[in-house]
Each structure stands twice: as C-alpha cells, then as structure tokens.
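Close look at the chain arrangement
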Amino acid sequence: MEHPLLPHLVLFGVYLAPAINYTCLPPEENESVITVSEDSCSYTRMTEAGAEVKEACTEWDFDTSVFTSTLTSEFFLVCDKSNLRAAFQSIYMLGTFFCPLIGGYLADRFGRKVVMVVTQILITLFSVIIIFIKNFFVILAIRFLLGSCIMHTFFVYALEVCEAKHRGTMGILMGLPWALGTMVFGVVAYFIRSWRWLQLAVSLPNVLLFPALYFMDESPRWLIVRGRHDQAVQVLRKAALWNRVTLQPEADLCALMNEVQEESATCSSTPANTDTNTKKFRLTWPKLLSTRAIQVITAVVCIDFFVVAFVFDGLNYSGDIYSADPFLYIILNGLVEVPSYTLTVPIVGRWGRRIPTVVSYILSGVIIFMVAFIPPDLPALILTLALAGKVCISGAYQIIYLYSSELFPTEVRMQGMGAASVFAQLASTIVPFIISVLGSALPWLPSLIFGVAGVVAGVFTVTLRETKDKPLPDTIADLSGTIITTTADTSIITSALENDA
C-alpha cells in the first residue's frame with residue numbers, strides 16, 4: 001500500500017498500457033505486399049526484381065473495442081517495443097525503490113507533517129502534468145518522479161498518535177481506502193476508456209486531502225524524541241481537550257520527555273574513549289544494524305515486505321492469466337480486500353500480530369502454488385483460487401505494515417519502514433517483467449514463484465517477537481528490555497492522545 005488513497009498509481013499499467021490486439025498496416029503506397037507475419041510485426045513484399053523482402057511494420061491498427069485510447073496504441077508499444085509496457089509499470093516502482101530510505105530520514109529528521117504536505121503537493125502536480133505530455137519517455141520520467149514521492153508517512157503518523165489497544169484496528173482498517181479505491185478505479189476505468197481522461201479523473205481527488213493536512217498537528221512522539229518539548233505539550237493539550245481527559249502536570253510531562261530524549265541520545269552517541277582524530281574516519285554501523293535485536297527485526301521485515309509486495313502486485317497485474325475481463329478482475333481484487341482487512345481486525349485483536357502474519361503468508365503461498373497446476377480449461381476455479389490467495393496476502397500486507405511499525409522504535413521507525421519499503425519496491429519493480437515475460441511463455445510459472453515466496457516469508461516471520469498490547473518502543477535500547485520503566489512511563493505522555501472520552 002504505497003499510499004492509502006492512491007491505488008491507481010500502482011495499477012495504472014493495467015488500463016493505460018494494456019496488451020491489446022493489433023494488426024500490421026503496411027505502407028499504402030506499397031502494393032507489392034504478399035503476406036503479413038502472424039505476430040503482425042513484419043510483412044513480406046515483392047521487389048521489382050521478383051525477390052521477396054521482409055520489412056518491419058511501423059504502423060498498426062489497434063483494436064478499440066475495449067480501450068479507445070491507450071499508451072500502447074498511441075506510442076506503438078508492440079513488437080520490439082512491447083517491453084516498454086512493463087517499463088511503464090516498473091519505472092514507477094523504481095522511483096519508490098529509491099525514495100523510502102531518503103524519505104524515512106527526512107521524516108525522522110524534519111518531522112512527519114512537512115514530509116506529508118510536500119509529497120502530496122508533488123503527487124498532485126505530477127499526476128496532472130502527465131496528461132499533457134506527448135513524449136513517452138518524458139511520461140516515464142514523470143512516472144519515476146511520482147514513485148519517488150510515495151512514502152509511508154501517513155501510516156506511521158496514524159499509529160504514533162493512536163492508543164496501544166486501538167493500534168491493531170487503526171492499522172488494519174487503514175487498508176480499506178486502498179481496497180475501496182481499487183474498486184472505484186476499476187469502475188471509473190470501465191466508463192472512461194481514454195487514458196488521458198482516466199488519468200485526470202482519478203488525479204483531481206488528490207486535492208481533497210489538503211484541508212486535512214492544514215489542520216493536522218505534528219506527531220507528539222517525534223517532537224519528544226527530537227527535543228521539541230514545548231510543541232509536544234501544546235499538541236498533548238489539544239488532544240486532551242478533544243478527548244476530555246486531564247493532562248498530567250506539565251512538570252511530570254517534561255521530566256518524562258527529557259528521560260526519553262536522553263535515552264535516545266545515549267543510543268546514538270559515539271563511545272567516549274574514541275579520540276578526535278579517529279572520530280573523523282571511524283566507520284559506524286547504521287542505527288538499523290546497531291544491535292542484535294534491531295538487526296533481526298530489520299532483516300526479517302525486509303524479507304516480509306519483499307514477498308508481500310511481490311505476491312500482492314503479482315496478483316494485481318495477472319489479469320491476463322487469471323481472468324479475461326480486466327475491469328471485473330480489478331474490481332473483484334479490490335472487493336476481496338475489504339473482508340480481508342475487516343476480518344483481520346478481530347483476528348489480530350485476539351491472536352496478536354505474529355501468528356496471523358505467519359498463517360497469512362503460508363496460506364496464500366499454498367493457495368497460489370495450487371493455481372500453477374490447475375488446467376487452463378477451468379477458468380472459474382483459477383479465478384476463485386487467485387482471489388482466495390489475494391484475500392490471504394492482502395491480510396498479510398496490512399498486518400505487516402502494522403506489525404513492523406510496532407517493531408521499530410520511534411527514533412528509527414521511518415528509517416526502518418523506509419528500508420523495508422526499498423525491498424518491497426524492488427519486488428514491485430521486477431513483477432511486471434515476470435508477468436509479461438515469464439507469464440507469456442509459461443503461464444503457470446508466476447503462480448509457482450509467488451506460492452513458494454509466500455511460504456518462505458511465513459517461515460522467517462516466526463522469529464519475530466509479539467507486539468500486541470505492548471507500548472511502542474521509543475529507542476533502540478528499549479528493544480533490549482533494559483529500560484522497561486521508561487518505556488512504560490512514556491505511555492503516560494501520550495495518554496492525552498490515547499484516551500477516549
């Protein structure tokens with residue numbers, strides 16, 4: 001879920017650059033054409049000397065019964081240019097591949113709110129500008145920039161201001177806008193078959209988010225860790241007023257805030273016995289690899305993000321393999337995500353995060369693995385199993401976002417999520433080529449690969465700790481269990497945000 005409100009950016013390739021039927025159109029002035037090749041990529045003509053010459057097609061007649069205008073037909077993305085259709089999808093994911101680590105650093109360094117505002121402005125501008133571009137490679141460049149603006153700051157911000165007992169519900173239900181947006185995108189695409197008008201129709205609603213961003217406060221957890229205690233107190237007072245609760249005395253709040261900040265500074269400091277000259281050249285471990293506990297979390301979460309994006313996007317892009325109707329397939333994909341997210345809420349509330357995540361990965365892997373062995377003459381069964389696998393992997397997708405945000409401490413939460421997102425975007429970048437290249441040659445192979453990947457991720461996830469009903473760790477030291485009291489006390493700081501009326 002790159003962005004809770006923008007599923008169309010991920011799925012645009014399905015409707016803007018689809019595989020459509022086409023027929024070669026030899027030059028009209030050339031009356032010596034004998035035959036056109038079966039793939040409509042070349043034709044054979046007779047020369048004046050009576051020799052047969054093979055020429056590459058440069059013009060095509062495209063089937064407009066499904067789409068009236070696409071990038072495929074406008075820029076002739078067929079034959080030797082057919083891989084550019086996958087590139088249109090992949091270039092966006094490549095942009096998201098480079099962004100998360102930098103974006104995570106910026107959000108941890110300058111705050112959640114400023115990053116959300118800036119990226120939302122850029123997304124809106126790029127989404128509209130692309131409509132007026134007449135060069136395909138410039139369109140690819142803008143798609144790359146769009147991907148570079150997608151971060152997980154919205155998700156992290158929501159969980160940082162949410163009460164521990166409601167984090168599971170909040171984290172899971174935040175996937176509903178994605179599911180609903182996917183269905184709406186399929187419906188809108190059904191009625192708007194021209195790619196430029198479709199792009200405009202789904203891009204303009206981005207402006208609806210700006211009023212909410214204007215009234216939004218900065219994350220108090222981030223303010224505390226960064227030492228901006230006065231601002232944090234102001235946010236907590238506002239939250240206490242909204243929730244009709246009594247805020248702790250300001251002196252107690254400041255003492256606890258200082259304790260958290262000092263703890264964070266201690267974890268980030270350089271050993272005192274290091275001399276000045278050595279400090280200049282000393283190579284230090286990144287914070288995400290600084291202790292054994294954070295190393296395990298980082299490694300496993302990165303694997304989980306890679307696999308969940310790999311399988312989730314793979315199912316989204318496999319309409320040609322699992323269904324003959326691209327509109328119905330996308331709508332059904334969004335529809336099955338709704339019960340997947342809503343049913344996941346009571347599941348994580350009852351059994352926690354780890355077990356449901358493991359089961360979701362393994363079950364999705366087994367189901368999709370089975371699809372590889374279903375005969376093509378049973379399309380209803382193939383579609384049913386594909387959607388069943390989508391239900392499981394959708395649940396895993398939303399749980400792992402919640403789970404990982406609870407595993408990483410506040411001081412590196414955005415960096416941790418960013419690192420994991422790099423692996424997710426790497427998976428999403430290669431998926432279009434797996435579908436178009438491997439899938440066109442061996443339709444069963446993508447399902448086999450997706451199935452094995454799901455099972456592997458489930459096995460690795462067993463090594464993670466449970467986070468249900470636990471306070472969010474604020475520093476890396478909290479993961480060692482040596483500063484339990486401070487972590488418990490910091491829950492009082494956020495009580496103004498986390499108590500209901």
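Preceding block: the structure.
In this report, we go over the structure that sits alongside the text. (Residues numbered from 1 in each chain as written. Predicted model: local features only at pLDDT ≥ 70, side-chain atom pairs only at ≥ 80, totals over all residues. Heavy atoms only, no water.)

Considerations on the packing of aromatic side chains
Stated formally: Pairing of aromatic side chains here covers Phe, Tyr and the six-membered ring of Trp, requires ring centres within 6.5 Å, and sorts the geometry by plane angle: under 30 degrees stacked, over 60 edge-to-face, intermediate tilted. Remark: exposure states derive from per-residue accessible area (1.4 Å probe, protein chains only) relative to the maximum for the residue type, with buried under 20%, exposed over 50%, and partly exposed in between. Strands are runs of DSSP state E lasting at least two residues, helices are runs of H or I lasting at least four, and both sets are numbered from the N terminus onward.
In this structure the tally under the stated criterion is 18 aromatic pairs. Ring geometry for Phe-136 against Phe-137: centres 6.0 Å apart, planes inclined by 75°, an arrangement best described as edge-to-face. Here Phe-137 falls in the exposed class, since its relative accessible area comes to 56%. Taken together, a centroid distance of 4.8 Å and an interplanar angle of 90° make the contact between Phe-312 and Tyr-397 edge-to-face. With Phe-312 in helix H15 (residues 292-316) and Tyr-397 in helix H19 (residues 379-407), this pair connects stretches of sequence that are 85 residues apart.

Examining the pairing of strand S2 (residues 33-36)
The condition that has to hold: In this description, strands pair whenever DSSP reports at least two bridges between them.
Relative to strand S3 (residues 42-46), S2 is paired through 3 bridges, and the arrangement is antiparallel. The partner of Val-36 across the bridge, within S3, is Tyr-43. Joining the antiparallel neighbours S2 and S3 is a turn of 5 residues, in which Ser-40 adopts a positive phi near 60°.

Structural notes on helix H21 (residues 445-461)
For clarity, the threshold we go by: Multiplying 1.5 Å by the helix residue count minus one yields the expected span of that helix.
End to end, H21 covers 25 Å across 17 residues, agreeing with the expected 24 Å (1.5 Å per residue, within 8%). Among the residues of H21, those classed as buried are Leu-445, Pro-446, Ser-447, Phe-450, Gly-451, Ala-453, Gly-454, Ala-457, Gly-458 and Thr-461.

Quick look at the environment of Asn-83
Stated precisely, the cut-off is as follows: Two residues form a contact once any of their heavy atoms are found within 4.5 Å.
If you trace the backbone, Asn-83 turns up in helix H3 (residues 83-110). For the pair Asn-83 and Ser-436, spaced 353 residues apart in sequence, the C-alpha separation works out to 8.0 Å. Those residues within four positions of Asn-83 in sequence are excluded, and the remaining contacts are Phe-433 and Val-437.

Brief notes about the packing of H15 against helix H17 (residues 326-351)
Stated precisely, the cut-off is as follows: A fitted line through C-alpha atoms serves as each axis, taken over the contacting stretch for helices, and the angle formed by two N-to-C directions is quoted from 0 to 180°. Each angle receives one of four descriptions, namely roughly parallel if under 35 degrees, roughly antiparallel if over 145, roughly perpendicular if within 65 to 115, and oblique otherwise.
Where H15 contacts H17, the two axes come as close as 10 Å, and the packing angle between them is 140°. The orientation of H15 with respect to H17, classified from their angle, is oblique. Contact residues: Phe-312, Leu-315 and Asn-316 in H15; Tyr-329, Ile-330, Asn-333, Glu-337 and Tyr-341 in H17.

Things to note about the state of the cysteines
Short version of the rule: Any pair of cysteine sulfurs within 2.5 Å is marked as a disulfide.
Applying the stated criterion across every chain, the model contains 2 disulfides. Across the disulfide from Cys-24 sits Cys-57; the S-S distance is 1.8 Å. Since a negative S-S torsion denotes a left-handed disulfide, the Cys-24-Cys-57 link at about -100° is left-handed. Taken together, the residues Cys-24 in strand S1 (residues 22-24) and Cys-57 in the loop between strand S4 (52-56) and strand S5 (60-62) connect sequence positions 33 residues apart. With respect to burial, Cys-24 and Cys-57 carry one shared label: buried. Note on cysteine connectivity: Cys-41 is disulfide-linked to Cys-79, with sulfurs 2.0 Å apart. Between Cys-41 and Cys-79 the disulfide shows an S-S torsion of about -100°. By sign, it is left-handed. Highlighted residues: Cys-41 in the loop between S2 and S3 and Cys-79 in the loop between helix H2 (71-74) and H3, separated in sequence by 38 residues. Cys-79 matches Cys-41 in its accessibility class, with the two residues each being buried.

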